[in-house]
Amino acid sequence: MRPPLRPRLLALALLGLSGTGCFRVTFVDHVAEAKQPPGTEVPEESFWQHNVVYGLVNLSHDVDVRDVCGAPPERVQTAGDLLTSALTVVTAGLYFPRKIYVTCPARPTPPKPERRQ
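Residues numbered from 1 in each chain as written. Predicted model: local features only at pLDDT ≥ 70, side-chain atom pairs only at ≥ 80, totals over all residues. Heavy atoms only, no water.

K.L.:
Give a description of the side chain of Gln-77 that names residues and reports values.
P.N.:
Here Gln-77 shows up in strand E5 (residues 75-79). According to the relative accessible area criterion, Gln-77 is buried, its value standing at 17%. A polar contact is formed between the side chain of Gln-77 and the side chain of Thr-26, at a distance of 3.1 Å. Beyond its immediate stretch of four places on either side in the chain, Gln-77 contacts Arg-24, Val-25, Thr-26, Lys-99, Ile-100 and Tyr-101. (Helix = DSSP H or I, 4+ residues; strand = E, 2+ residues; numbered from the N terminus. Buried < 20%, exposed > 50% of the residue type's maximum accessible area, 1.4 Å probe, protein only. Polar contact = N/O pair within 3.5 Å; in protein donor to acceptor, adjacent residues only side chain to side chain. Contact = heavy atoms within 4.5 Å.)

Structure below.
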C-alpha cells in the first residue's frame, strides 16, 4: 500500500524550504539616509566574499566598511545575485560566494565657480 500523498508533499516542501536560508541581509542607518535630499546619488562599492562548505568557512578577509567610505556607511548589504547563486548550485554548495554592497554617505559637491563675462 502506498503512503498517503499529504506526508510526502509535506516532506518535499520542508526539504525545499530548508535550502532557502537568508538570501539577503541589510543594515541601514535610517538617520543618515533621512538626511539625504531626494534624488541624491550616493556612491556604492561591492566586494566578493568567498566561502566554502555551504558558507560555513570564510576564505575572504574581513571588510571594515568604515575604511571603504571614510565615514560610517549609510547601508551595508550582503546578498547573492544570479552569478553567485549559479556558482553555488554548480558546485553543489562547496563554493558559496556572496556579495557585500556598501553604500557610502553622499559627499557634498563643491559649488561651481561662476563664469563672469
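K.L.:
Go over the nonpolar core, please, and point to the residues and values.
P.N.:
Counting residues in hydrophobic clusters, the biggest one holds six residues: Val-65, Cys-69, Val-76, Ile-100, Val-102 and Cys-104. Setting aside its immediate chain neighbours within four residues, Val-102 contacts Pro-43, Glu-44, Glu-45, Phe-47, Val-65, Val-68, Cys-69, Pro-73 and Arg-75. (Core = buried A, V, L, I, M, F, W, Y, C linked by side-chain atoms within 4.5 Å.)

K.L.:
So what about the pattern of salt bridges? Which residues, and what values?
P.N.:
Counted by the stated rule, this structure contains two salt bridges. In this structure, Lys-99 and Asp-81 form a salt bridge, with 4.0 Å as the shortest nitrogen-oxygen distance. With Lys-99 in strand E6 (residues 98-103) and Asp-81 in the loop between E5 and helix H4 (82-90), the pair connects residues that are 18 residues apart, well separated along the chain. (Salt bridge = Lys/Arg side-chain N within 4 Å of Asp/Glu carboxyl O.)

K.L.:
Describe H4, and please don't skip the residues or the numbers.
P.N.:
Near the N-terminus of H4, the side chain that reaches the backbone nitrogen of Leu-83, with its oxygen 3.3 Å away, is that of Asp-81. Looking one or two residues past H4, Ala-92 carries a phi angle of roughly 55°, positive in sign.

K.L.:
So what's going on with unusual backbone geometry? Which residues, and what values?
P.N.:
In this structure, Val-53 takes a positive phi of about 50° despite not being glycine. Tracing the sequence through the fold places Val-53 in the loop between strand E3 (51-52) and strand E4 (57-58). Taking relative accessible area as the criterion, Val-53 reaches 39% and is therefore assigned partly exposed. The residue Ala-92 is not glycine, and still its phi comes out positive at about 55°.

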